[in-house]
Amino acid sequence: MQPSAHFATHQAPEYPAGQQQSADRRDMTRVAREIELIANQPSRLRAALRGLDHDRLETRYRNWTVRQITHHLADSTMNFYCRWKLALTEERPTIKAYDETKWSALPDSMFGDVSLSTSLFDNTIARWMLVTKAMRDEQFDRVYIHPQYKRDFTLWQAVSLYAWHGDHHISQIEWLRTHYKWLTCPPEN
């Protein structure tokens, strides 16, 4: 079955990658594994998007289209990177929350070429990797305050959440590929 543009996939699972599993203490083996997961997300996203035409990019996974999911990954990565750097350079900074639903409704997210966001996603993660590779273990205990949740997040908690977040959204696109049998590229017209 091929969905029409903007078809809502209400039967899609809420958490195709499973729910986020929080740790209760810093475990540098886990942190290293999660950093590696994030490092591999750009190539995984590109593979998930490979060969998708306009109609497939406009297919919804629950509330967002594949296009919006892709742009959201770039947006959230930029925010994550800024939060990370603030936590490393300031004492317990209060970060800026943003309304991801409203961001996803802006023209760049609704209509923008996904290559703009895959490049941004690639490059932001590459820069983040330069920072994390140079960090000492105790720097992962640095904190930022998230005003929306009214709580502190250590960087080791943030890396865990972000590894899950990227996996969650890329898994949504992968679920659509499997569900609609988009396993091969569409024929060229």
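Attention in this report is confined to the structure presented alongside it.

Cut-off values and rules
Residue numbering note: each chain is counted from 1, following its sequence as written. Only residues with pLDDT of at least 70 get local features here, since the model is predicted, and only at 80 or more are side-chain atom pairs given and counted; chain-wide, interface and lining totals rely on the full set of residues. In computing side-chain values, all of the structure's heavy atoms are included and hydrogens and water are not. Each helix corresponds to a stretch of at least 4 residues labelled H or I by DSSP, and each strand to a stretch of at least 2 residues labelled E; elements are numbered beginning at the N terminus. Here, expected helix span is obtained from the residue count minus one, scaled by 1.5 Å. Buried, partly exposed and exposed residues are distinguished by accessible area as a fraction of the type maximum, computed with a 1.4 Å probe on protein chains only: under 20%, between the cut-offs, and over 50%, respectively. For the purposes of this section, nonpolar cores are sets of buried Ala, Val, Leu, Ile, Met, Phe, Trp, Tyr and Cys residues that join through side-chain atoms within 4.5 Å. What counts as a ring pair is set by centres within 6.5 Å for rings of Phe, Tyr and Trp (its six-membered ring), and what kind of pair is set by the plane angle: stacked under 30 degrees, edge-to-face over 60, tilted for all other angles.

Re helix 3 (residues 66-89)
Compared with an ideal rise of 1.5 Å per residue, which puts 24 residues at 34 Å, helix 3 spans 35 Å between its outermost C-alpha atoms and is within 8% of the ideal. Among the 24 residues that make up helix 3, 18 are buried, leaving the element largely enclosed by the rest of the structure.

Quick notes on the nonpolar core
The biggest cluster of nonpolar side chains holds 39 residues, and the ones touching the most others in it are Trp84, Trp128, Phe140 and Ile173. Among the elements of the structure, helix 1 (28-49), helix 3, helix 6 (114-133) and helix 7 (155-179) are those that each provide at least two residues to this core. For this core, the element with the most residues is helix 7, which contributes nine residues.

Describing the packing of aromatic side chains
Counting across every chain of the model gives 11 aromatic pairs. When the centroid spacing of 6.1 Å and the interplanar angle of 45° are considered together, the rings of Tyr15 and Trp164 count as tilted. A residue pair is termed long-range when its members are at least 10 positions apart, and Tyr15 in the segment before helix 1 and Trp164 in helix 7 qualify at 149 residues. According to the relative accessible area criterion, Tyr15 is partly exposed, its value standing at 32%. What makes Trp164 buried here is its relative accessible area of 18%. For the pair Trp84 and Phe140, a centre-to-centre distance of 5.9 Å together with 70° between the ring planes defines the contact as edge-to-face. A residue pair is termed long-range when its members are at least 10 positions apart, and Trp84 in helix 3 and Phe140 in the loop between helix 6 and strand 3 (143-146) qualify at 56 residues. Look at Trp84 and you get buried, because its relative accessible area is 1%.

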